[in-house]
Amino acid sequence: DNNVYSSKWQLSGQGVVSDVVCCGVDTQAEGGDFFGATYYKLLVGGSNPTLSLYAACDERSNSSATEMVTKLASAAFDIAKSFLWGGTQNSATENEEKQAPKIERPQMAEAVDALDDPHREVRNLCLDSSGRVCAASDQLGRVLLLDIEDMTILRLFKGYRESEVAWVAIGDGG
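Residues numbered from 1 in each chain as written. Predicted model: local features only at pLDDT ≥ 70, side-chain atom pairs only at ≥ 80, totals over all residues. Heavy atoms only, no water.

Turning to its location among the elements, Asp 147 is positioned in strand S8 (residues 143-147). Side-chain polar atoms of Asp 147 contact the backbone nitrogen of Asp 150, separated by 3.4 Å. For Asp 147, the residues in contact, after removing those within four places along its chain, are Arg 132, Thr 152 and Leu 154. (Helix = DSSP H or I, 4+ residues; strand = E, 2+ residues; numbered from the N terminus. Polar contact = N/O pair within 3.5 Å; in protein donor to acceptor, adjacent residues only side chain to side chain. Contact = heavy atoms within 4.5 Å.)

Written out as structure tokens, the structure reads:
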């Protein structure tokens, strides 16, 4: 669902967003964050550009560590305040009740690669089970097979008007 991605991440430099697929965790970007945030690869279909690959950091995955540090600092400050100034110590539950609910804003996601054709708008994306190849259909009646890692078009099929794309998994029968 596009609304999930657009509410979680702000896709910088993208015109029209028609479809978004998550290509998995970006293992090359992981480990670069002190708190262990998770980075995802998002493939976006639409126009301006036609196809974009985004690196999206999920900072909310490390929010528990940030919240823990914030609560510890607040508790230490409350203890110091009550000891030095003789004030009453508020319990952690009272402090949590006073805080307003958090409104989460979309996080910025940066495009790391893109393919642009000003006359084409990709409408549907479907990622294969390996997460390496994506099928994309556009308004010109074409179906593209795209290698996600290299952002190269592997195959282009013409003449498939109003097409939808999907993959079929076939077992080995054994």
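Now that the structure has been shown, we can carry on.
With that settled, the discussion passes to the sheet that holds strand S7 (residues 133-138). Overall, antiparallel pairing links the four strands, which are arranged S6-S7-S8-S9 in an open sheet. Where the open sheet ends on each side, the last strands, each with one partner, are strand S6 (122-127) and strand S9 (152-157). Between one strand axis and the next, the sheet turns through 25° on average, direction left out of account. Examined bridge by bridge, S7 and S8 share five bridges and lie antiparallel to one another. The partner of Ala 135 across the bridge, within S8, is Leu 145. (Pairing = 2+ DSSP bridges. Axes fitted to C-alpha atoms, helices over the stretch in contact; angles between N-to-C directions.)

Of all hydrophobic cores here, the largest spans 12 residues; its members are Val 21, Cys 23, Leu 43, Leu 51, Leu 53, Val 122, Leu 125, Cys 134, Ala 136, Leu 146, Ile 148 and Met 151. Breaking this core down by element, the ones donating at least two residues are strand S2 (16-25), strand S4 (51-58), S6 and S7. When neighbours within four sequence positions are excluded, Leu 51 is seen to be in contact with Val 44, Gly 45, Asp 113, Ala 114, Leu 115, Val 122, Leu 125, Leu 146 and Met 151. (Core = buried A, V, L, I, M, F, W, Y, C linked by side-chain atoms within 4.5 Å. Buried < 20%, exposed > 50% of the residue type's maximum accessible area, 1.4 Å probe, protein only.)

Next up on the list: unusual backbone geometry. The linkage connecting Asn 48 with the following residue, Pro 49, adopts the cis geometry, with an omega of 0°. Although it is not a glycine, Asn 48 sits at a positive phi angle of roughly 55°. Tracing the backbone shows Asn 48 in the loop between strand S3 (38-47) and S4. Positive phi is not limited to glycine here, since Met 151 has a value of about 50°. Here Met 151 shows up in the loop between S8 and S9. Since its relative accessible area comes to 4%, Met 151 is described here as buried.

Most of S8 is tucked away: four of the five residues are buried. Connecting S7 to the antiparallel partner S8 that follows it, the hairpin turn spans four residues, and Gly 141 within it adopts a positive phi of roughly 80°. As judged from the five bridges shared by S8 and S9, these two strands associate in the antiparallel manner. Across the sheet, the residue bridging to Leu 144 is Leu 156, located in S9. Where S8 hands over to S9, the hairpin turn is made up of four residues, of which Met 151 adopts a positive phi near 50°.

No statement about biological role is implied by the geometric values presented.
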